[in-house]
Amino acid sequence: MGCCSSAESKRDWKPLEERSCTDIPWLIIFTLFCVGMACICGFAIATGGATRLISGYDSYGNTCGHNNTKIEGVPLSGKDMKDKKYVFFLEPCNLDFINRKIKSIALCVSKCPATELKTHTELKQFALNNGSELCSYDITPTRYPSHSERFTKCPKLPVPASNAVPVFHRCIPMDVSCYAEFVQAFITFVSDNTVLRRVIAGVMASKEIIMGLCVLALVLSLIMMVVIRYISKILVWILTILVIIGSLGGTGVLWWLYADHRKALENNATSVFGKEVASDNVKALLVYAVGATIFTVILLLVMFFMRKRVALTISLFHVAGKVFIHLPLLVLQPFWTFLCLILFWVYWIAVLLFLGTTGTPVKNNSTGVVEYEMQGPLQYMVWYHAAGLIWVSEFILAFQQMTIAGAVVTYYFTRNKSQMPSTPILSSMARTIRYHLGTLAKGSFIITLVKIPRLILTYIHSQLKGKENACARCMLKACVCCLWCLEKCLAYLNQNAYTATAINSTSFCTSARDAFVILVENALRVAAINTVGDFVLFLGKVLIVSCTAFAGVLALNYQREYTVWVLPLFIVCLFAFLVAHCFLSVFENVVDVLFLCFAVDTKYNDGSPGHEYYMDKTLMEYVENSKRMSRYQPGDGDGREMKSMKSGGTVA
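Residues numbered from 1 in each chain as written. Predicted model: local features only at pLDDT ≥ 70, side-chain atom pairs only at ≥ 80, totals over all residues. Heavy atoms only, no water.

Chemist: Hey, could you run me through the pairing of strand β4 (residues 106-109) in this one?
Modeler: Within a regular strand, the side chains alternate between the two sheet faces. Burial of β4 is two-sided: the residues A106 and C108 facing one way and the residues L107 and V109 facing the other way are all buried. Pairing of strand β1 (residues 86-89) with β4, which is carried by four bridges, proceeds in the antiparallel orientation. Bridging across to β4, Y86 finds its partner in V109. (Buried < 20%, exposed > 50% of the residue type's maximum accessible area, 1.4 Å probe, protein only. Helix = DSSP H or I, 4+ residues; strand = E, 2+ residues; numbered from the N terminus. Pairing = 2+ DSSP bridges.)

Have a look at this one:
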């Protein structure tokens, strides 16, 4: 299991020749860990946490709708509440926003009040007619109007009407005016903050435009995937030209709009409220224009220095396009992964809520209210459950990477494409489930080991902000940044390790070592192609975001009188980037897998009989063209790289 062993350092790569189970001990560990998470869920259900969460419980530890046992020291506990299935709060609007709970006595009742009750006599009549007692259990309904403690043990008058259908067996008032304190505080905050008020008003006024632009971002991402699939040969040049034109054009339009809006503001062509909005728009446009100018200058400089490298990605993108032609369902992998993550997160949150109502009943001596708290070693179950959130989530993401890697490896190392499995993606999933779940468990655990300390340090940094000295703040920030960089490096190495496992069916440590060695031996080749490939995909994301933002600027320009652009445009651009990243990340994974396959192919094959290349003819043409170019540019980095390709040696 050691990662540093060199016993198999000279082992040859044998793509798809044999298959065996990998990292079985780690699969057992991960299975036991998941069983532990299931036991936590079972414990929460068995101890009544799930029942109390769903059915609700009163302030004396009685679960509504159930027959309860006596709690020592709580006289009103241990009551039979089978006929009282709903939770009623004496002061439903006495909210504690800091602790996120209702500061009120809760009772189990058989029926929520459907109409407003204004007097204690009406409370008495409601209890007698419906059998639903809204005052404390130790007061009989006939004594509601005259009892000396009716103002503390009965609900605060008037009692608002509740929803016809209780929410999770809780009586929720229909009249939102009972939350007047909260609403008033919020309105006061918004009215005092005029900028925030105008921003919110701008979002509400532009909601149709925002929805339309989000749909446009989705359509542009789909078009980009079609372009990648069918016209990959000219994709690089299309993206390069369009991004240059789009960046220059977008920057010019922003400066023109800034000048136009500033001129209109100086001419006082708007009303008083419109003048405030116009002033905000001028400031926002100035920020956007300056930012776009800086971004355009940096982008043009980077593209100038990488102009010789851009052509190197055309052949590889063409092969990646063929992969999507043969494996079109790869595009759907993020959707399945996202669905699995959502289902797991819903389960995780539900269990966390169960744990919140699990434990030993503890009476608060000052209020007399019973709360359930986990004590002793049981309280560490929450930390165990939190670690499971990260590990299982990383495992699901790793499963997607392994599935994509297995399908692409099968495509690359199958000489006769007609002999590929009829369902290569499903076959890759089946191989992963049958042989390599242990490898995924180990790889995702390594990421978890780095991510948990980073999250803890990030939380500490946020909690101590403004309290610690500058030295401590810098040290915490440096640790967080170092852990973030380590996490990204390990994530990239893990992805290549999964590819190596898909090729050779080796354990995680062996695959990670082999992948690292092959990448180091081809450092310039991989760096050149990988950097340019990721850069081109980044340009694709920039193009989608730029087109969406440009359309947003034109659309919002018609609402300049009453719309502040800052938040609507930010929402649209963020959504456009997330959608583009979701689609293009799959293509990026495919390209990374092809890089490693290409490096392995050129190391162990030279085109001679018995050692024929697996690579596509397009890549063969690229190799030959690069060799010819190296004769005329002996000092160029690509020339030295291609000279080493013939011998399969290391590029210095």
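Chemist: Would you mind going over the pattern of salt bridges with me for this structure?
Modeler: Here the structure, examined in full by the defined rule, presents six salt bridges. D138 is the salt-bridge partner of K153, the closest N and O atoms lying 2.9 Å from each other. Here D138 lies in the loop between α3 (120-130) and α4 (150-153) and K153 lies in helix α4, a separation of 15 residues in the sequence. Given a relative accessible area of 23%, K153 falls into the partly exposed group. On the basis of relative accessibility, which here comes to 39%, the residue D138 falls in the partly exposed class. In this structure, K451 and E487 form a salt bridge, with 3.4 Å as the shortest nitrogen-oxygen distance. One end of the pair, K451, is in helix α15 (residues 437-463); the other, E487, is in helix α16 (residues 470-504), with 36 residues separating them in the sequence. Accessibility expressed as a relative area gives 7% for E487, which makes it buried. Shared partners join several salt bridges into a network, and the residues in it are E394, K451, R454 and E487. (Salt bridge = Lys/Arg side-chain N within 4 Å of Asp/Glu carboxyl O.)

Chemist: What's the story with the pairing of strand β6 (residues 370-373) in this structure? I'm lost.
Modeler: Residues V370 and Y372 line the buried face of β6, whereas the alternating positions E371 and E373 sit on a face that is not buried. One ladder, built from four bridges, connects strand β5 (residues 360-363) with β6; its direction is antiparallel. Paired with T360 across the two strands is E373, which belongs to β6.

Chemist: Would you explain helix α1 (residues 24-46) in this entry?
Modeler: Every α-helical turn comprises 3.6 residues, leaving residues that sit three or four positions apart pointing alike. In a regular helix each residue adds 1.5 Å, so 23 residues correspond to 33 Å; α1 covers 32 Å between its end C-alpha atoms and thus fits that length. Regarding α1, the residues found buried are W26, F30, F33, G36, M37, I40, C41 and A44. (Expected span 1.5 Å × (residues − 1).)

Chemist: What exactly am I supposed to notice about unusual backbone geometry here?
Modeler: What you tend to see is this: most non-glycine residues have negative phi, and most peptide bonds are trans. Residues L157 and P158 are joined by a peptide bond in cis, for which omega reads -10°. The residue P158 is located in the loop between α4 and α5 (180-192) in this model. Even without being a glycine, D23 presents a positive backbone phi close to 55°. Unlike most non-glycine residues, S505 shows phi in positive territory, near 60°. The topology assignment puts S505 in the loop between α16 and α17 (508-521). Judged by relative accessible area, which is 6%, S505 ranks as buried.

Chemist: So what exactly am I meant to see when it comes to the side chain of T337 here?
Modeler: Locating T337 in the fold gives a position in helix α12 (residues 333-356). Among all residues touching T337, those that are not within four sequence positions of it are I396, L397 and Q400. (Contact = heavy atoms within 4.5 Å.)

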